[in-house]
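# Analysis of the macromolecular model
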Amino acid sequence: MNNIVSQEVNNTLKIIIQNIEKKEDIKKFLSLLDYAGKNIEINFLNIQTIASEIILALNKIKSHLSIYSNEITLKSYLNQLGFEVKLIKDYNKTKRKNLNLEYLAIGGSAGSLKKFIDIIEKLPYSQMSIFIIMHHRSDEKSSLSQILQTKTAHYKVVEAKSDMKIENSTIYTAPPGKHMIIIGGFIFLTNEEKRNFSKPSISTSFETLSNEYKNNLLAILVCGYGSDGSDSLRLLQENESTVIIEEPKECEAKPMLENAIKTDCYDEVLSLESISEYINTCLNDEPFNNIQLESFLNKIYEEYGYDYRGYNLEHIKRRVKLFYSNLKPNNFLEFQNKILNNENIFKDLFLNISVNVTTFYRNPEVFRKLKDALLPKLDSFFDIKVWCAGCSTGEEPYSIAIFLDEIGLLNRSLIYATDLNEMVLKNAKNGLYSKQNYKQFLKNYYQAGGSESFSKYFYDHGDFVEISEEIKQKILFFRHNLVEDKKINDFQLIFCRNVLIYFDKELKTNIFELFKQSLDSYGFLVLGESESLDNHEKFLTIDKKNRIYKRKI
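First, a word on scope: everything that follows refers to the structure included in this document. These numbers come from a predicted model, not from an experiment. Numbers given to residues run from 1 along each chain, matching the order in which its sequence is written. This being a predicted model, a pLDDT of at least 70 is required before a residue's local features are given, and a value of 80 or more before pairs of side-chain atoms are given or counted; all residues contribute to the totals for chains, interfaces and linings. Based on all heavy atoms of the structure, the side-chain values leave hydrogens and waters out of the count.

## Quick word on the packing of aromatic side chains
By convention, a stacked pair of Phe, Tyr or Trp rings (six-membered ring in the case of Trp) has centres within 6.5 Å and planes under 30 degrees apart, an edge-to-face pair has planes over 60 apart, and any other such pair is tilted. One pass over the structure, following the stated rule, counts 34 aromatic pairs. Considering the side-chain rings of Trp387 and Phe515, the 5.7 Å spacing of their centres and the 85° angle between planes classify their relative orientation as edge-to-face. Of this pair, Trp387 sits in strand 16 (residues 384-389) while Phe515 is found in helix 19 (residues 505-518), placing the two residues 128 residues apart along the sequence. For the pair shown, Trp387 and Phe515 are each scored as buried. Here Tyr445 and Tyr446 contribute two aromatic rings whose centre-to-centre distance is 4.8 Å and whose plane-to-plane angle is 65°, an arrangement assigned as edge-to-face. Of the residues examined, Tyr446 reaches a relative accessible area of 41% and is grouped as partly exposed. A cation over a ring is seen here: Lys62 above Phe83, with NZ or CZ 4.5 Å from the ring centre. Here, a charge over a ring is recorded when the distance from Lys NZ or Arg CZ to the ring centre is within 6 Å and its angle to the ring normal is within 35 degrees. For Lys371, the ring lying beneath its charged end belongs to Phe403, and the centroid distance is 4.8 Å. For helices the rule is a DSSP run of H or I covering at least 4 residues; for strands it is a run of E covering at least 2, with both sets numbered from the N terminus onward. Type-normalised accessible area, obtained with a 1.4 Å probe on protein chains alone, sets the label of each residue: buried when under 20%, exposed when over 50%, and partly exposed for intermediate values.

## Points about the nonpolar core
Counting residues in each nonpolar core, the largest one holds 44 residues, and the members touching the most others are Phe296, Phe335, Ile339, Trp387, Leu482, Phe515 and Leu525. Mapped by element, the contributors of at least two residues to this core are helix 10 (290-304), helix 11 (313-327), helix 12 (332-341), helix 13 (343-353), strand 16, strand 22 (491-496), helix 19 and strand 23 (519-527). When neighbours within four sequence positions are excluded, Trp387 is seen to be in contact with Tyr416, Thr418, His480, Leu482, Ile488, Phe491, Leu493, Ile494, Phe495, Leu514, Phe515 and Ser518. Among the nonpolar cores identified, the runner-up in size contains 42 residues, and Phe367, Leu375, Leu409 and Ile415 belong to it. In these notes, a set of buried Ala, Val, Leu, Ile, Met, Phe, Trp, Tyr and Cys residues joined through side-chain atoms within 4.5 Å is what counts as a nonpolar core. What makes two residues a contact is simply this: any of their non-hydrogen atoms within 4.5 Å.

## A few points about the side chain of Asn3
In this structure, Asn3 sits in the segment before strand 1 (4-9). Looking at Asn3, the relative accessible area reads 12%, which means it is buried. Two N or O atoms count as a polar contact when they lie within 3.5 Å, although within protein this holds only if one can serve as hydrogen donor and the other as acceptor, and sequence-adjacent residues are included solely when both atoms are side-chain atoms. At a separation of 3.0 Å, a polar atom in the side chain of Asn3 contacts the side chain of Asp25.

Set out below in C-alpha cells:
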C-alpha cells in the first residue's frame, strides 16, 4: 500500500497520508513540503498523532498550508499547537432510525418455540404490546399462549381474537388457521388464503404492524423453514420499522433466516443473547446498565487487550456515556458493535476513557518538597532511576528532570515515563506544548521553587514551545500497564499521581505491591492529592498532606 500520495491540482499540492510511522515515509513526506512556496493541502487519514520533526516542518510553511484530518485526536493536538485543522470525520454518515420501542413482533416456524421462550423470559417489565406469530397446522389447537404465560410474570399472554383491542403489557399469539392483522389499534383475524404456504403468515402480520406503528415497531425473525417474512421486509424498511434476524448458525432450521438475509432489508443479524440485550437496551432509559457495561469491558479486553475491568465502574460509565452521546447510536448494541469492529473508533473511545489532565509542576507545593527534601537524598546513588507511572503527555517527568538538572543530578539520572495510552506517550515524546499553556507552566515553576530561567529549558517555535534536547534525552517513554505488567526496574523514586483514583480497592492493593517491589530500600513514593496508601504496612508516611511515602525495609 502506498502510504503517501501526492498530486498537483490548480497550483496546489494535495497530499494524502495514511501512515507515517516509518523513516522512509517521513523522509518522503518532508521532501514534498519543499514546494517553492506554493499552497499545500495535507489530508491525514486515520492518523492520530505525528512526530515532532513533522510538526516543526509544517510550522515553517504554515502561511500556505491547509490541513485536514478524519481524527479528532490529531485535530485537537495540532489545534493546541496553533495549527488550523479541518475535520473530515463523521461517524454518523448513514441515516439512522429513531426506534422508540413500543411494539414488538416475533415470527418463527420450526424450532422457534424455544426461541420465543428465551426472549420472553428475559423481557423486563414494560408497557410494550407484543405479537407472536408461529406457524401451526391449521387443524391443531395451540397451547402457545398458556406455555408463554408460565414464562413471564410481567405480561399477560392471550391468544388473539378478532376485534380485540390492543393493550399495554400484553402478549398476543396468533391462532392456527387465521391471519392476524392489526388496524387502528385492534386485532382482526382473517380467513384469506395461505401466504408463503402459511396461515398465520408472518409476512401478513409484520406488514400490518409496520403500517400501523412505523418506527415504534421492532420485528424479529427466529428460526424456521421456508421464506415467510422475507417478502415483507422491504415494506418494514420503508416504514422505518427495525428488523432483526437471528443468527442462522444458532438454528437447525435455517432457510427462513437465510432467505431473509438475502433480501438485504434488515438492520441486524444477532445471536439470541444479543437480541435480548438489544431489547433491554431499547427499554432502558439509561443507554446501558452495569451488567451490559461489564460485558462490554470483557469484550474490549478480548478484542484489543486493554483491561478496564478493575477500574472504578462509575468513572468508566461516565466516560463511556459521554462518548456514547457523541457517537449517537440507536442503542448500546450498535454502539458496542461499532467499537469492536472499528479500531479507529475504539481508539477515540480509549482516549475518552483515559483522563490526561496534567501540567508542569501540578500542585507546586509537592514539587517544592520534591526539590528541597527528596531529590537531594538521591545524591548517594551512582545511577538515579525515577519512575513516572501514568505520565500522560509528559509534563510531570519533564518537571522532575528540570529540577534534577537544577540540583546537579540530571547527568546520572534516567526517568522511566510510562502510560497505558500509546497516543499520549507519542505526544509526550514530542515535547511540544502550547505557548498559551506555557504561561501557567511558568507560574507553577516559580511557585514550586524553580531557581533558573524557565525559558532555558525550551525552544520557542512561535505558537508552541519544545522541551530542550538535554531534558528529552534523559526520559525514556514507553507503554506499561499497571494492571497487568510486572516490575520493570528498581527505582529510588516513584511518581504515580491521580491515577489510582480510577481503580477499585483490589486493584489498588495489587499496584501498591508492585510499587513496593519496584522501590529500592527506603525509596520514595509520591501519590496524588486525592489518593492515599490506606495505612499500607510496607510504607511509612513522610508527608501526609503532600501524599509522600517511604518504603520500609
